[in-house]
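This is what each chain is made of:
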Amino acid sequence: QVQLVESGGGLVQPGGSLRLSCAASGIIFSSYNMGWYRQAPGKQRELVAGITSGGTTNYVDSVKGRFIISRDNAENTVYLQMNSLKPEDTAVYYCNARRSMFREYVYWGQGTQVTVSS
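About the criteria used
Residues numbered from 1 in each chain as written. Predicted model: local features only at pLDDT ≥ 70, side-chain atom pairs only at ≥ 80, totals over all residues. Heavy atoms only, no water. Core = buried A, V, L, I, M, F, W, Y, C linked by side-chain atoms within 4.5 Å. Buried < 20%, exposed > 50% of the residue type's maximum accessible area, 1.4 Å probe, protein only. Helix = DSSP H or I, 4+ residues; strand = E, 2+ residues; numbered from the N terminus. Contact = heavy atoms within 4.5 Å. Pairing = 2+ DSSP bridges. Axes fitted to C-alpha atoms, helices over the stretch in contact; angles between N-to-C directions. Disulfide = S-S within 2.5 Å. Lys, Arg positive; Asp, Glu negative; His and termini not counted. Salt bridge = Lys/Arg side-chain N within 4 Å of Asp/Glu carboxyl O. Polar contact = N/O pair within 3.5 Å; in protein donor to acceptor, adjacent residues only side chain to side chain.

**Considerations on the nonpolar core**
Ranked by internal contacts, the top residues of the largest apolar core, which has 28 residues, are Met-34, Trp-36, Phe-67, Val-78, Leu-80, Met-82 and Tyr-93. Secondary structure elements with two or more residues in this core: strand E3 (18-25), strand E4 (32-39), strand E5 (46-51), strand E7 (67-72), strand E8 (77-82), strand E9 (91-99) and strand E11 (112-116). Beyond its immediate stretch of four places on either side in the chain, Met-34 contacts Phe-29, Ala-49, Gly-50, Ile-51, Ile-69, Arg-71, Val-78, Cys-95, Asn-96 and Ala-97.

What follows is the structure, encoded as structure tokens:
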């Protein structure tokens, strides 16, 4: 059974920080590219940050310099450190796993709400 279990979402004021965690089980974690997506009401789901099985990272332009994605293969966990949060960051954030060599193997977490408001 494959599970991606997210934690760390919540309500924060503009300028604050949150750290999202996604713990994976049922997969060979080191063989998967990992990503964080988000979806706001009325908008399409977008890739916020990704990290390959080899450790290469990429970010959507709107979060560059503010968010950091990292992974701990020993703990089968991917993180998203979110700093200097803005109201436009408000969305449901989803953890994603995609097998590097067989990209039809894709898994999603349940989503966690992040609300940035004063």
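**As for unusual backbone geometry**
Where the residue is not glycine, phi is negative for most of them; where a peptide bond is considered, it is trans in most cases. Even without a glycine there, the phi angle at Asn-76 is positive, about 55 degrees. Residue placement: Asn-76 occurs in the loop between E7 and E8. Even without a glycine there, the phi angle at Ser-84 is positive, about 50 degrees. For Ser-84, the position within the fold is in the loop between E8 and E9. We classify Ser-84 as partly exposed; its relative accessible area is 41%.

**Looking at the sheet that holds strand E1 (residues 3-7)**
With respect to topology, 4 strands assemble into an open sheet ordered E1-E3-E8-E7, the strand pairing being antiparallel. Two strands lie at the open edges of the sheet, namely E1 and E7, each paired on one side alone. Within this sheet the neighbouring strands show an average axis-to-axis angle of 15 degrees, counted without direction. Relative to E3, E1 runs antiparallel, the two sharing 5 bridges. Bridge pairing in E3 places Glu-6 opposite Cys-22.

**Details of the state of the cysteines**
Evaluation of the coordinates by the stated rule reveals 1 disulfide. Disulfide pairing is shown between Cys-22 and Cys-95; the S-S distance is 2.1 Å. For the disulfide bridge between Cys-22 and Cys-95, the dihedral angle about the S-S bond is near -80 degrees, and by the sign convention the bridge is left-handed. Placement of Cys-22 in strand E3 and of Cys-95 in strand E9 is noted, with a sequence separation of 73 residues between them. Summarising the burial analysis for this pair, Cys-22 and Cys-95 share the class buried.

**Points about the side chain of Glu-6**
Within the secondary structure layout, Glu-6 lies in strand E1. Despite its burial, Glu-6 pairs with no opposite charge; the closest candidate is Arg-45, at 8.3 Å N-O. A distance of 3.3 Å separates a polar atom in the side chain of Glu-6 from the backbone nitrogen of Thr-112. Among residues more than four places away in sequence, those in contact with Glu-6 are Ser-21, Cys-22, Trp-36, Tyr-93, Tyr-94, Cys-95, Gly-109, Gln-110, Gly-111 and Thr-112.

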